[in-house]
Amino acid sequence: MIPKYEQIKQDLLAEIKNHTFIPGDKFYSEADIKRIYSVSSITAVKALNELTSAGYLYRIQGKGTFVSKAKISQNVKFSDIELHSLDTEKVQVISVEEENKPEILKQLGLPANASYYKIIRVRSFGDTPFLAHITHLPKKMMKEPIEKDLAAYASVYEKVRKDFAIDLFSLASVETNEIVFPDDPELLNLLQLSFREPAVKQVKHSYLSDGSVAEYIVSYKHWKYFKTKIEVEAE
């Protein structure tokens, strides 16, 4: 049996190819798809995410989802280009703490009386920090008690894979990127940014097969070390 999200994706793709929507048109929102197909958020998000990854749609923060102006017979691949040798990269785990802030609980889809773990890490090459990760994990994704040696969380994905046999890389996810001007002193210090220097804010949600949120990550990349490659391939 074809998964529901796949059926929806094929329906939406047919509307694009049949020119119900033309390049530049605003497309259905997550709420629209939930209403039209009577499905959950995770199903609606997965259908939209796959069409976006394939290059048929693109998102603008705060405005919505739009039909790509690229030819619909082409795939568009976005990838970050690292401006340093991976051999020189290191990760420092700053902290691992249990919290229960309402705004984060909402992002994780958890009740008000729940809690989660926040892991702050900084990636550097040599002595130059270029990326700060603030990872929020539901308690079900963290093996307790917490390791005394915080270096065990240098790779959160590897830690989760070892503890729970869950491959976070393979989960459905939604990520947005935007340019911001951080003013939080701790963040400025972590990335060695001056006040009013920009950074690339990357927000990512990943979802388990039952629709629950597996991770909510907010990352900040120093503007000097951000470069993206866009590849367009014919199908």
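Here we summarise the structure given alongside this text. The structure displayed is predicted, hence computed values, not measured ones. (Residues numbered from 1 in each chain as written. Predicted model: local features only at pLDDT ≥ 70, side-chain atom pairs only at ≥ 80, totals over all residues. Heavy atoms only, no water.)

### Notes on helix 1 (residues 4-17)
Across its 14 residues, helix 1 extends 20 Å between first and last C-alpha, which sits within 8% of the 20 Å expected from 1.5 Å per residue. For helix 1, the set of buried residues is I8, K9, L12, L13, E15 and I16. The arc that holds the buried residues of helix 1, viewed along the axis, is 155°, so those residues lie on one side. Packing partners of the buried residues in helix 1 comprise helix 2 (30-37), helix 3 (41-53), strand 1 (57-60) and strand 2 (64-67). Downstream of helix 1 by one or two residues, H19 has phi in the positive range, about 65°. (Helix = DSSP H or I, 4+ residues; strand = E, 2+ residues; numbered from the N terminus. Expected span 1.5 Å × (residues − 1). Buried < 20%, exposed > 50% of the residue type's maximum accessible area, 1.4 Å probe, protein only. Arc of directions from axis to C-beta. Contact = heavy atoms within 4.5 Å.)

### Details of the sheet that holds strand 4 (residues 89-99)
Taken together, the six strands give an open sheet; going across it, the order is 4-5-6-9-8-7, and neighbouring strands pair in antiparallel fashion. Sheet topology places strand 4 and strand 7 (172-180) at the edges, where each strand pairs with a single neighbour. Pairwise comparison of adjacent strand axes, ignoring direction, gives a mean angle of 15° for this sheet. Along the sheet, helix 3 makes contact with strand 7 and strand 8 (199-207), crossing strand 7 at roughly 70°. Across the sheet, helix 5 (residues 156-164) touches strand 5 (116-125), strand 6 (128-138), strand 8 and strand 9 (213-222), and the angle it forms with strand 6 is around 35°. (Pairing = 2+ DSSP bridges. Axes fitted to C-alpha atoms, helices over the stretch in contact; angles between N-to-C directions.)

### Some remarks on the nonpolar core
If you look at the biggest cluster of nonpolar residues, it comprises 24 residues, and the most contacted ones within it are L108, L191, Y207, Y216 and Y220. Within the residue set of this core, elements represented by two or more residues are helix 3, helix 4 (102-108), strand 5, strand 7, helix 6 (185-191), strand 8 and strand 9. When neighbours within four sequence positions are excluded, L108 is seen to be in contact with Y116, H136, P138, V213, E215 and Y216. Core analysis: the next-biggest nonpolar cluster, separate from the first, contains 18 residues, L13, I16, F21 and V39 among them. (Core = buried A, V, L, I, M, F, W, Y, C linked by side-chain atoms within 4.5 Å.)

### Overview of empty space enclosed by the protein
This model, assessed by the stated rule, comprises one cavity of 30 Å³ or more. In this model, the largest cavity occupies a volume close to 50 Å³. If you go around the largest cavity, the residues you meet are I119, L137, M141, M142, K143, Y153, V156, K159, V160, D163 and F164. With five residues, the single largest contributor to the lining of the largest cavity is helix 5. (1 Å grid on protein atoms, 1.4 Å probe; cavity = no way out; pocket = protein on both sides within 12 Å on 5 of 7 lines; lining within 4 Å. Points joined across faces, edges and corners; volume = space filled by probe spheres on them.)

### A look at a negative patch on the surface
Where like charges cluster on the molecular surface, the negative patch consists of E97, D183, D184 and E186. Within the secondary structure, D183 is located in the loop between strand 7 and helix 6. By relative accessible area, which is 57% here, D183 ends up exposed. (Patch = residues over 30% accessible without salt bridge, like charges linked within 9 Å, V, L, I, M, F, W, Y side chains within 5 Å. Areas by Shrake-Rupley, 256 points an atom, 1.4 Å probe, with all protein chains shown as cover. Salt bridge = Lys/Arg side-chain N within 4 Å of Asp/Glu carboxyl O. Lys, Arg positive; Asp, Glu negative; His and termini not counted. Charge placed at Lys NZ, Arg CZ, Asp CG, Glu CD.)

### Focus: the pattern of salt bridges
Within the structure shown, the criterion is met by 13 salt bridges. For R123, the salt bridge goes to E89, with nearest N and O atoms at 2.9 Å. Of this pair, R123 sits in strand 5 while E89 sits in strand 4, and the two are 34 residues apart along the sequence. Residue E144 is joined to K139 by a salt bridge in which the shortest nitrogen-to-oxygen separation is 3.5 Å. Residue class for E144 comes out partly exposed when judged on its relative accessible area of 43%. By relative accessible area, K139 is classed as partly exposed at 30%. Overlapping salt bridges, with partners in common, bring together E6, K9, K46 and E50 in one network.

Keep in mind these values describe shape, not function.
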